[in-house]
Amino acid sequence: MKPRGWALVTGGSAGIGLEVARGLLRKGYSLILVSRSPQKLKNAKYELSRELQKSDERQITVHTADLAEPSAADELYTWVKSRKFDVEVLVNSAGMYLCEETLVIPRERVEALLWLNIRSLTTLTLLFARDMAERGGGRIVNLSSYSVYMRYGYLSLYGASKAYVRNFSVGLSRELRGKGVIITTVAPNGVDTGLLGLPRRTARLARLTGFLMSPARCGRIIVRATMRGRRYIVPGWHNYLMIPFLGLLRPVITRILVKNTAAEHAKL
Ligand SMILES: NC(=O)c1ccc[n+]([C@@H]2O[C@H](COP(=O)([O-])OP(=O)(O)OC[C@H]3O[C@@H](n4cnc5c(N)ncnc54)[C@H](OP(=O)(O)O)[C@@H]3O)[C@@H](O)[C@H]2O)c1
């Protein structure tokens, strides 16, 4: 396989980010995986390295950063430049989920969500998009969410942050037409990564009924859409079909999400 350049994946140590990283590795990219936990990064690197041959020119490198910290996105960009990595694909997958009574969420968690889901993603997108435009091409994948179609209570902060990601990314992608930079915005419905905090039994049932998708399938869909230059996708055709009914389903979905989140918190 012809080796390509570097793909940087935030949140590349777990969940959707790890699966997108795996898909990009299979397409020939070298990887930069970014997240907070050195141990999770080490495990992800070990797991993905098994896909490489001994003679392989591709590399997997990891970098620890807390992208909920105000200076982290700029520092990450400076680190990438200091290593002279030309990033051809940027995947902004690191994200924080909140589904609880909005008025009692501690201020630090609200700030962390805003920095991680909105500000760091914006900074990284703009910095790398400029470089890509100068070089005449590049791909960016920004993780929005199906919650943009759910203007539900308890989800207001998370849903609004993902609506920002969608509008910012789709709009910027239109602006970058002609510069060779394509932004693929992804709005997955539930993916079985643990992010939603569902108990195992509920998650299993949701997988069986198609309400939760496996991270591997979601990753494959995202990589295919990225390679094809799609600008906006909702993984899973049945999720498109469900959009008009999300208003009707609001009481049921809210009850499931809030109940399970509260149950998870009670265990902490
Ligand atoms: N799962 C879903 O149902 C779903 C649905 C729609 C959209 N999404 C979106 O898809 C993206 C990925 O979600 P996921 O389900 O894959 O989540 P996940 O399984 O919880 O993985 C999150 C990844 O982001 C990293 N991360 C978390 N906080 C970080 C921070 N402050 N700084 C740097 N890295 C951080 C985590 O590693 P560390 O813990 O080591 O930092 C991990 O690698 C998110 O943006 C999410 O909002 C998910």
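Residues numbered from 1 in each chain as written. Predicted model: local features only at pLDDT ≥ 70, side-chain atom pairs only at ≥ 80, totals over all residues. Heavy atoms only, no water.

Draft legend 1. View of the site of the ligand. Around the ligand, the surrounding shell holds 29 residues, and the nearest of these are Arg36, Lys40, Tyr158, Val191 and Thr193. At 3.2 Å from an oxygen atom of the ligand is found a main-chain nitrogen or oxygen belonging to glycine 11. In the model, an oxygen atom of the ligand is placed 2.9 Å from a nitrogen or oxygen of the serine 93 main chain. Only helix 1 (15-26) and helix 5 (156-175) provide two or more residues apiece to the shell around the ligand. Residues of the shell around the ligand, tallied by class, amount to 13 nonpolar, 12 polar and four charged. (Near = heavy atom within 4 Å. Polar contact = N/O pair within 3.5 Å; in protein donor to acceptor, adjacent residues only side chain to side chain. Helix = DSSP H or I, 4+ residues; strand = E, 2+ residues; numbered from the N terminus. Nonpolar A, V, L, I, M, F, W, Y, C, P; charged D, E, K, R; others polar.)

Draft legend 2. Spotlight on the packing of aromatic side chains. Taken as a whole and assessed by the stated rule, the structure comprises six aromatic pairs. Relative to phenylalanine 85, the ring of tryptophan 6 lies with its centre 4.3 Å away and its plane at 50°, an arrangement referred to as tilted. Separated by 79 residues along the polypeptide, tryptophan 6 in strand 1 (residues 6-10) and phenylalanine 85 in the loop between helix 3 (72-82) and strand 4 (87-92) bring together distant segments of the chain. Residue phenylalanine 85 is classed as buried on the basis of its relative accessible area, which comes to 12%. In textbook terms, an aromatic cluster arises when at least three aromatic residues are bridged by ring pairs, as seen for Trp6, Trp79 and Phe85. (Phe/Tyr/Trp six-rings, centres within 6.5 Å; stacked < 30°, edge-to-face > 60°. Buried < 20%, exposed > 50% of the residue type's maximum accessible area, 1.4 Å probe, protein only.)

Draft legend 3. How the structure looks around the packing of helix 3 against helix 4 (residues 107-135). Look at helix 3 against helix 4: their axes get within 9 Å of each other, and the N-to-C directions meet at 30°. It follows that helix 3 is roughly parallel to helix 4 by the angle criterion. The handedness of the crossing between helix 3 and helix 4 comes out as right-handed. When helix 3 is examined against helix 4, the residues Ala73, Asp74, Leu76, Tyr77, Val80 and Lys81 are found in contact with a partner set consisting of Ser120, Thr123, Leu124, Leu127, Phe128 and Asp131. Here the residues of the contact of helix 3 with helix 4 sort into seven nonpolar, two polar and three charged. (Axes fitted to C-alpha atoms, helices over the stretch in contact; angles between N-to-C directions. Parallel < 35°, antiparallel > 145°, perpendicular 65-115°, else oblique. Left-handed = near helix turned anticlockwise from the far one by under 90°. Contact = heavy atoms within 4.5 Å.)

Draft legend 4. Region of interest: the side chain of serine 13. With respect to the element layout, serine 13 can be found in the loop between strand 1 and helix 1. Among the polar contacts made by the side chain of serine 13, one reaches the side chain of serine 35 at a distance of 3.0 Å. Setting aside chain neighbours within four positions, we find serine 13 in contact with Leu18, Ser35, Lys40, Leu41 and Ala44.

Draft legend 5. Representation of the sheet that holds strand 4 in the model. Read across the sheet, seven strands follow the order 3-2-1-4-5-6-7 without closing on themselves; strand pairing throughout is parallel. Only two strands of the sheet have a single partner each, and these edge strands are strand 3 (60-64) and strand 7 (232-233). In this sheet, strand 5 (residues 138-143) lies alongside strand 4 in parallel orientation, the contact comprising four bridges. Residue pairing across strands places leucine 90 opposite isoleucine 140, the latter belonging to strand 5. (Pairing = 2+ DSSP bridges.)

No statement about biological role is implied by the geometric values presented.
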